Amino acid sequence: MTIIAYRKHITRDITRELRGPEGCIELATVDGVTYVFLPASATLGEQPAEIADSITEVTLDAVTRSAIKAASPHCRLIADRMQQRIRERYSLDDEMYFNRIGSAAALDLYQPTADELHDLSAFNAHIDDVRDWGRQQRAALGL
């Protein structure tokens, strides 16, 4: 899989965009550059002359990856679904409760009971599962 970047050509009269093959996903536009996920099996065909020279393959650095993730509606949807997965099992109040227990225990200000430690461990395992799912979803987009 590949991330490609290009500049859309937009005038008052026309717009020229990438002609993407099956499975191609526009991730985001950051500072006028549009980033597109191109699956490994896909190849770009002939492109409009107005954009052809701007198409490049991108090696993502941390700053660019972060900017794409912040601007991408696909990543926002993944983040929303992660929250939904958490809220299916734990409320925001539950999350705050476990945060207080974990923080106080880490600062040696509170000694959790065995039941609290068990519940906190289950909560952390669920959060780790959700975060792993989110990472897998973003990785499937080349992020």
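Here, residues in each chain are numbered from 1, in the same order as that chain's written sequence. For this predicted model, a pLDDT threshold of at least 70 governs which residues receive local features, and a threshold of 80 or more governs which side-chain atom pairs are given and counted, while totals over whole chains, interfaces and linings are taken from all residues. In computing side-chain properties, one takes all heavy atoms of the structure into account and sets aside hydrogens as well as water.

A. Structural view of the state of the cysteines. Disulfides are defined as cysteine sulfur pairs within 2.5 Å. In this structure the tally under the stated criterion is 0 disulfides. We note that C24 lacks a disulfide partner, and the nearest cysteine sulfur, in C75, lies 15 Å from it. A residue is classified by how much of its surface remains accessible, and C24, at 22% relative accessible area, is partly exposed. Relative accessible area decides the class of each residue, using a 1.4 Å probe on protein chains only: under 20% of the type maximum gives buried, over 50% gives exposed, and in between gives partly exposed.

B. A look at unusual backbone geometry. Even without being glycine, D31 reaches a positive phi, approximately 50 degrees. Relative to the helices and strands, D31 resides in the loop between strand 4 (25-30) and strand 5 (33-38). By relative accessible area, which is 72% here, D31 ends up exposed. Phi is positive for D108, close to 60 degrees, though the residue is something other than glycine. Each helix corresponds to a stretch of at least 4 residues labelled H or I by DSSP, and each strand to a stretch of at least 2 residues labelled E; elements are numbered beginning at the N terminus. Looking at the secondary structure, you find D108 in the loop between helix 4 (92-106) and helix 5 (114-139).

C. Representation of the environment of R138 in the model. Its location among the elements puts R138 in helix 5. When its relative accessible area of 14% is taken as the criterion, R138 is described as buried. Sequence-wise, R138 and A79 are 59 residues apart; in three dimensions their C-alpha atoms are separated by 9.8 Å. Only heavy atoms enter the contact rule, under which two residues are in contact if any of them lie within 4.5 Å. If sequence neighbours within four positions are ignored, R138 has contacts with K69, C75, I78, M82 and L143.

D. Examining the packing of helix 3 (residues 73-89) against helix 5 more closely. As a packed pair, helix 3 and helix 5 sit with axes 10 Å apart at the nearest point and diverge in direction by 160 degrees. With respect to helix 5, the axis of helix 3 lies roughly antiparallel. Regarding helix 3 and helix 5, the two cross each other, and that crossing is right-handed. Here C75, I78, R81, M82, R85, I86 and R89 of helix 3 come into contact with helix 5, specifically with H126, I127, V130, R131, W133, G134, Q137 and R138. Looking at the contact of helix 3 with helix 5 residue by residue, the class counts come to 7 nonpolar, 3 polar and 5 charged. The convention used is that axes are lines fitted to C-alpha atoms, helices contributing only their stretch in contact, and that angles between N-to-C directions extend from 0 to 180 degrees. Each angle gets one of four labels, with under 35 degrees taken as roughly parallel, over 145 as roughly antiparallel, 65 to 115 as roughly perpendicular, and the rest as oblique. When the near helix sits turned anticlockwise from the far one by under a right angle, the crossing is termed left-handed; a clockwise turn instead gives a right-handed crossing. Nonpolar residues are Ala, Val, Leu, Ile, Met, Phe, Trp, Tyr, Cys and Pro. Charged residues are Asp, Glu, Lys and Arg, and all others, Gly as well, are polar.

E. Expanded view of helix 3. For helix 3, with 17 residues, the first-to-last C-alpha span of 25 Å sits near the 24 Å given by 1.5 Å per residue. All of the buried residues in helix 3 are C75, I78, M82 and I86. The buried residues of helix 3 occupy one face: seen down the axis, they fall within an arc of 75 degrees. Looking at the buried residues of helix 3, the elements they touch are helix 2 (62-71), helix 4 and helix 5. Expected helix span is given by 1.5 Å per residue-to-residue step, counting one fewer step than there are residues. By definition, the arc is the one covered by directions from the helix axis to the C-beta atoms.

F. Spatial organisation of the environment of H9. Looking at the secondary structure, you find H9 in strand 2 (residues 9-10). Note on H9: relative accessible area 26%, which makes it partly exposed. Considered as a pair, H9 and I51 are 42 residues apart in the sequence and their alpha carbons are 6.2 Å apart.

G. Examining the side chain of S72 more closely. Summarising the element assignment, S72 is placed in the loop between helix 2 and helix 3. The definition of a polar contact used here is a pair of N or O atoms within 3.5 Å, where within protein one atom must be able to donate a hydrogen and the other to accept one, and adjacent residues in sequence count solely through side-chain atom pairs. In terms of polar contacts, S72 uses its side chain to reach the backbone amide nitrogen of C75, at 3.2 Å. Beyond its immediate sequence surroundings of up to four residues, S72 is in contact with L27 and A28.

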